[in-house]
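Per-entry structural report
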Amino acid sequence: MQFAAPHKAPHARTEQIILFRCSTQVFAISSGSVHEVRSVDTLAGSPLEINEPTLPKVGHVFRRGEQNLYVVNGAVHFGLRPSPASLILLLRRSRTALLIDGIEKMTTMTRLQALPAAFCNEERVWYRGLTVLDQNVIPVVSPEGFLTTDELFLLDALVSRMGLPESTVVSEMGLGV
Amino acid sequence: MSMVEQFDARSCVLMRLGERRFALAAEQIAELVAPSRVFRFAHRTMEIDGVILRRGRVVPVCDVAERLTGKKLTSRRFYLVATQKRGASLDWVALPVSGECELITADLTPAGESDSPHVAAWLSHDGEVIEVLNLDALTPAPVDRATPGARRKPGGTRMIVPGKPAKILLIDSNVLFSKRLGDALRREGFEVTTATQAAFALTTLEYNAPSVIVCATNMREMGALEIARIIHADPKNAALPVIAMGDGSQRALMESFQAGCDDYIDRHLSPGVIANHIKNIVVSRWKGFSRRRCWARRIRA
């Protein structure tokens, strides 16, 4: 005769997040989707400037290994007042590097609420959902929401026309997360 | 089955928005809450002001006052939290109201075909005829739930289609002038809808999208200058031309263009001349000319 294993209360699923600031607003991103955090200074001089009028949020591109990484200004992406950015988040499994003003802190979220259905525009692509931390509602960004496939295609075509010089190759160094 | 088909006498909650009262079906109301902190974050849904936290739930705040009364609520005293059934899910929405709410039972009269979609029914209370609101028509909803990112293309359904009469929304408080101008426009081959209030006209944009809006500048509550700002601030209406009708003064002309109106007409001209001018604007836009593009070309040159 076998007895069933004693029931264990399931652990609350938690997720490590990074709270970062763009313009005056605070956003959260899963720390698992951030590959590296770098200072803007470490990229100074090397990235190639992009001036695509239909994509004002993308200002620079640099080469990392085989891939072009596009630097998206977080404030412009979210339609906020642009402010001097100091850090770049290199996102994992993505060709996006996110330009942000600063990191507030790393913390843990225990609950991710779906974005209410009343939000029916681009924010549904931008955010995975909302989380509540210290009685504050913080949007949790989706790493895939910064550049669509069409936008990447457009940028790739633009960069191939411009030609990316060797000086834009950036090594894998900086502050790993 | 609509609310009115089901029952004749219904419990409704009366809410006050500024000087006017509106009603909502009582079963849609979850609670009335005192003002709490509104959290705001970056988004592109114009109708949503932010979110409030209620019992751990994030509830979007949808200010419907401007759409219903033409004025923003300056004093918010409470949030009426309502529920909306969308498919299998139940969504919550908080409506800012400017006074205490009242629960009543009243006989409802079904809304007619000519009523705005936001009117589900009518009721009489204390000698006042009150609109019973259809919340689904007032609050934004995803265009396609299967593809959450799907967005309405700016001006996508509002383009002038060759071979079909262009729809003109004519807003003027002078009913006689509206009728004369409306007749002149119909003679030019347009389909014309008239409104005496700009606020009402704004609500018709969702279900009877015009190709052009022609609006007087000297309206009592909201004129061409205000309507141009509101319409062009909304990405989905940004391409919709607004033509201002003013008193012919230089000042009115300047103010109209500064407010973002696409063209200006002297209202004292004869209806036939005004209709002809509007026709020229519509035809030139159909051929791809717009004032903004022209300016952009000039700036580039």
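I will try to describe carefully the structure that is included in this document. A quick note: this is a predicted structure, and the numbers were derived from the prediction, not measured. (Residues numbered from 1 in each chain as written. Chains lettered and ligands numbered in written order. Predicted model: local features only at pLDDT ≥ 70, side-chain atom pairs only at ≥ 80, totals over all residues. Heavy atoms only, no water.)

Section: the overall build of chain A
Selection criterion: Strands here mean DSSP runs of E at least two residues long; helices mean DSSP runs of H or I at least four residues long; both are numbered from the N terminus. Residue exposure (1.4 Å probe, protein chains only): buried if accessible area is under 20% of the type maximum, exposed if over 50%, otherwise partly exposed. Residue contacts are defined here by distance: any two heavy atoms, one from each residue, within 4.5 Å place the two residues in contact. The Shrake-Rupley method, run with a 1.4 Å probe, gives the accessible areas here. Residue values count only the displayed protein chains as cover.
In terms of helices and strands, chain A carries three helices and 12 strands. The proportion of buried residues among the 177 residues of chain A is 50%. Residue pairs in contact within chain A that sit at least 24 positions apart in sequence constitute 63% of those at least 6 positions apart. When the accessible area of chain A is evaluated, it comes to approximately 9,500 Å², of which 53% is carbon and sulfur surface.

Here we look at the sheet that holds strand 15 (residues 263–266) of chain B
Residues and elements named next belong to chain B. For clarity, the cut-off: Strand pairing is defined by DSSP finding a minimum of two bridges between the two strands. Convention adopted: a line fitted to C-alpha atoms gives each axis, helices being fitted over their contacting stretch, and angles between N-to-C directions are expressed from 0 to 180 degrees.
Here five strands make up an open sheet; going across it, the order is 12-11-13-14-15 and the pairing parallel. Across the chains shown, the open sheet's two edge strands, defined by having one partner strand only, are strand 12 (191–195) and strand 15. On average, each strand axis in the sheet is tilted by 20 degrees relative to the strand beside it, whichever way the strands run. In terms of strand pairing, strand 11 (residues 167–171) meets strand 12 through five bridges, oriented parallel. Bridge pairing in strand 12 places L170 opposite T194. Contacts from helix 4 (residues 175–187) reach strand 11, strand 12 and strand 14 (242–246), with the element oriented near 165 degrees to strand 11. Along the sheet, helix 6 (residues 224–233) makes contact with strand 11, strand 13 (212–216) and strand 14, crossing strand 14 at roughly 170 degrees.

Topic: the sheet that holds strand 10 (residues 128–133) of chain B
All names here are of chain B. Spatially, five strands are ordered 1-2-10-9-8 in a closed barrel, and the strand pairing comes out mixed. Across the sheet, the mean angle from the axis of one strand to that of its neighbour is 50 degrees, orientation sign disregarded. Two elements, strand 1 (residues 9–17) and strand 2 (residues 20–25), share six bridges in a ladder whose sense is antiparallel. Note on strand 2: the bridge partner recorded for L17 is R20.

Quick word on the environment of G59 of chain A
All names here are of chain A. If you trace the backbone, G59 turns up in strand 5 (residues 58–64). Under the relative-accessibility criterion, G59 is labelled partly exposed at 23%. When the C-alpha atoms of G59 and N73 are compared, they prove to be 7.2 Å apart, with 14 residues separating the residues in sequence.

Regarding the interface of chain B and chain A
What counts here: Accessible-area loss on putting two parts together, using a 1.4 Å probe and summing over both, is the definition of buried area adopted here. For this analysis, a salt bridge means a side-chain nitrogen from Lys or Arg found within 4 Å of a carboxyl oxygen belonging to Asp or Glu. Residues adjacent in sequence count toward polar contacts only when both atoms are side-chain atoms; beyond that, a polar contact is any pair of N or O atoms within 3.5 Å, and within protein one must be able to donate a hydrogen and the other to accept it.
Listed by partner, the interface residues are 26 residues for chain B and 27 residues for chain A. When the two sides are added together, the surface that chain B and chain A hide from each other amounts to roughly 2,200 Å², 62% of it contributed by carbon and sulfur. Per-residue buried area on chain B facing chain A is highest for F41, A42 and R44 of chain B; these three make up 30% of the total on that side. Inspection of the region where chain B meets chain A yields one salt bridge. Between E122 of chain A and R44 of chain B there is a salt bridge, and its shortest N-O distance comes to 3.1 Å. Linking chain B to chain A there are 12 residue pairs in polar contact (both at pLDDT 80 or more). Sort the elements by how many residues they give to the side of chain B that touches chain A and strand 4 (residues 48–54) of chain B lands first, with four residues.

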